[in-house]
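Understanding the architecture of this molecule
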Amino acid sequence: MSLKSDLEQLKEKGLAQIKTVDSTKVLNDIRVSLLGKKGPITNVLRGMKDLSAEERPQVGSFANEVRDSLTAAIETKKQELQTQLLNEQLSAETIDVTLPGRPVEIGTSHVLTQVQNDIEELFIGMGYQVVDGPEVEEDHYNFEMMNMPKDHPARDMQDTFYITNEVLMRTHTSPVQARTLEKHDFNQGPLKMISPGRVYRRDTDDATHSHQFHQIEGLVVDKHITMADLKGTLEVLAKHVFGADRKIRLRPSYFPFTEPSVEVDVSCFKCGGKGCAVCKYTGWIEVLGAGMVHPNVIENAGIDSKIYGGFAFGLGPDRFAMLKYGIDDIREFYLNDIRFLHQFKVED
Ligand code: FA5
């Protein structure tokens, strides 16, 4: 068989193979096997040395023609396969721009923040300033200025995390009273402040106690402040937080920094005072401590207690929130369980 007909056959076979290929990898294998250094065309070209001088150019140009047409067919097939692959990808990855988007989950204020903000707004509306104080506090402000000198037995009422002998994690927001009183200029008017913040005690965590919780301190100092002012203010607070039908009652109590001191109960918002599980069948729920500022606290701040006096209160917003929303475990506030927190979702 002549070289020319070999080439002819090679071309036909090659073109037929190329036509049926369906992957670029196989196509590449065919290219190497047909046109590579060890392929049949190279072989034919190598055999040309044995041809006559007339045959050589004819066979040579035919061999080139075969190589060119195979190369062109491979190139065309390659384009075809690439286009096909691209089309498949495009149809697989189509984005339907008319589909509704996935809603983005937006957070909400923590329920304790909501309760705190609500109380802050109420007092700002009554002309109070909101004051911040340090959580890492000096023994001096936390206890001594609040009429609890070293070894005062009332220090045991607030089991304390000490950092050094003189520095501690504040056990209540009352030291902010002392810090604010000390700086207040009564020529500018009376002192009316609240101070919300975090406090710390070595209490064992249980359903109603946390070693870290919140308080909101309230303090009013001026001339002629009476217990009636305290009662009226707390009544406004109780009605605002727990509902307009609420009543309050004051029971005698003891705090070293107030005299007289009271515990404040609010009539049960669940049963209206008839008695139920929430109020332990008493009709009343204890919500905060308060009293008339002890003259020693006024004097400790360098103010004349014969002229100036006032009232103070300290409430636990954690317990307020528990009562208001019927939450039976204070630890829920600190676990950050989204299912719990979402129950108090509000539009901020
Ligand atoms: C005080 O801390 C006083 N400084 C409050 C005060 C201020 C009285 C001004 C008079 C004048 P008491 O220890 O009772 O008081 O705490 C106040 C409130 O904090 C409690 O009514 C309660 O709501 C909350 N509380 C106390 N201990 C815890 C605790 N371990 N976990 C959560 N809340 C607590």
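These numbers were taken from a predicted model, which means no experiment stands behind them. (Residues numbered from 1 in each chain as written. Predicted model: local features only at pLDDT ≥ 70, side-chain atom pairs only at ≥ 80, totals over all residues. Heavy atoms only, no water.)

What follows covers helix α5 (residues 111–125). The terminal C-alpha atoms of α5, which comprises 15 residues, lie 21 Å apart, in line with the 21 Å expected from a rise of 1.5 Å per residue. All of the buried residues along α5 are V111, L112, Q114, V115, Q116, I119, E120, L122 and F123. Following α5 by one or two positions, G127 has its phi on the positive side, about 90 degrees. (Helix = DSSP H or I, 4+ residues; strand = E, 2+ residues; numbered from the N terminus. Expected span 1.5 Å × (residues − 1). Buried < 20%, exposed > 50% of the residue type's maximum accessible area, 1.4 Å probe, protein only.)

In this section: the packing of aromatic side chains. As enumerated under the stated definition, the model contains nine aromatic pairs in all. Through a chain of ring-to-ring contacts, three or more aromatic side chains come together here, namely Y325, F333, Y334, F340 and F344. The lysine or arginine in question, R179, covers the ring of Y141, its NZ or CZ lying 4.1 Å from the ring centre. (Phe/Tyr/Trp six-rings, centres within 6.5 Å; stacked < 30°, edge-to-face > 60°. Lys NZ or Arg CZ within 6 Å of the ring centre and 35° of its normal.)

Here we come to the nonpolar core. If you look at the biggest cluster of nonpolar residues, it comprises 42 residues, and the most contacted ones within it are I119, L234, L237, L288, F313, F320 and F333. Counting residues per element, the ones that place at least two in this core are α5, β5 (212–222), α8 (227–242), β7 (258–267), β8 (284–293), β9 (309–315), α10 (317–325) and α12 (338–341). In this structure, L237 is in contact with I119, L122, F123, L288, L315 and F320, ignoring residues within four places of it in sequence. If you look at the next biggest cluster of nonpolar residues, it comprises 25 residues, including A178, F255, V297 and Y308. (Core = buried A, V, L, I, M, F, W, Y, C linked by side-chain atoms within 4.5 Å. Contact = heavy atoms within 4.5 Å.)

A few words now on the site of the ligand. With respect to spatial proximity, 23 residues lie near the ligand, and among them H172, S174, R201, D203 and Q215 are the closest. Side-chain polar atom of S174 to a nitrogen atom of the ligand: 2.9 Å apart, as the coordinates give it. A distance of 2.7 Å separates a nitrogen atom of the ligand from a polar atom in the side chain of D203. Secondary structure elements with two or more residues in the shell around the ligand: β5, β8 and β9. For the shell around the ligand, the class distribution of residues is seven nonpolar, twelve polar and four charged. (Near = heavy atom within 4 Å. Polar contact = N/O pair within 3.5 Å; in protein donor to acceptor, adjacent residues only side chain to side chain. Nonpolar A, V, L, I, M, F, W, Y, C, P; charged D, E, K, R; others polar.)

With that settled, consider the environment of K25. Note that K25 resides in helix α2 (residues 24–35). Placed 246 residues apart in sequence, K25 and C271 show a C-alpha to C-alpha distance of 81 Å.

Moving on, we come to unusual backbone geometry. Note on backbone geometry: most residues besides glycine have negative phi, and most peptide bonds are trans. Cis rather than trans, the peptide bond between E259 and P260 has omega equal to -5 degrees. Secondary-structure assignment places P260 in strand β7. Phi angles above zero are rare outside glycine, and N147 is one such case at about 70 degrees. The residue N147 is located in the loop between α6 (139–144) and β3 (167–169) in this model.

Looking now at the state of the cysteines. By definition, a disulfide links the sulfur atoms of two cysteine residues through a covalent bond. The final tally for this structure, using the stated rule, is zero disulfides. Not engaged in a disulfide, the cysteine C276 finds its nearest cysteine sulfur in C268; these two sulfurs lie 3.7 Å apart. C279 carries a free sulfur, and the closest cysteine sulfur to it, the one in C271, is 3.7 Å from it. The buried category is assigned to C279, whose relative accessible area is 3%. (Disulfide = S-S within 2.5 Å.)

Here we take up empty space enclosed by the protein. A probe matching the size of a water molecule, rolled over the atoms, marks out where space remains unfilled. Applying the stated criterion to the full structure yields one cavity of 30 Å³ or more. There is about 30 Å³ of room inside the largest cavity. L234, L237, A238, I248, V264, V266, V287, L288 and F320 are the residues that line the largest cavity. Of all elements in the fold, only α8, β7 and β8 reach the threshold of two or more residues within the lining of the largest cavity. Element by element, the count of residues in the lining of the largest cavity is highest for α8, at three residues. (1 Å grid on protein atoms, 1.4 Å probe; cavity = no way out; pocket = protein on both sides within 12 Å on 5 of 7 lines; lining within 4 Å. Points joined across faces, edges and corners; volume = space filled by probe spheres on them.)

This next bit is on the pattern of salt bridges. It is possible for side chains of opposite charge to pair when their charged atoms get near one another. A complete count under the given rule lists 13 salt bridges for this structure. In this structure, K25 and D29 form a salt bridge, with 3.3 Å as the shortest nitrogen-oxygen distance. With K25 and D29 both in helix α2 and four residues apart, the pair spans about one turn of that helix. Ionic pairing is found between K150 and E166, a salt bridge with its closest N-O pair at 3.2 Å. Note that K150 is positioned in the loop between α6 and β3 and E166 in the loop between α6 and β3, a separation of 16 residues in sequence. On the accessibility criterion, K150 (40% relative accessible area) is partly exposed. Of the residues examined, E166 reaches a relative accessible area of 41% and is grouped as partly exposed. Beyond isolated ion pairs, a larger network of salt bridges with shared partners links D139, E144, K150, R155 and E166. (Salt bridge = Lys/Arg side-chain N within 4 Å of Asp/Glu carboxyl O.)

Keep in mind that these numbers describe shape and distance, not what the molecule does.
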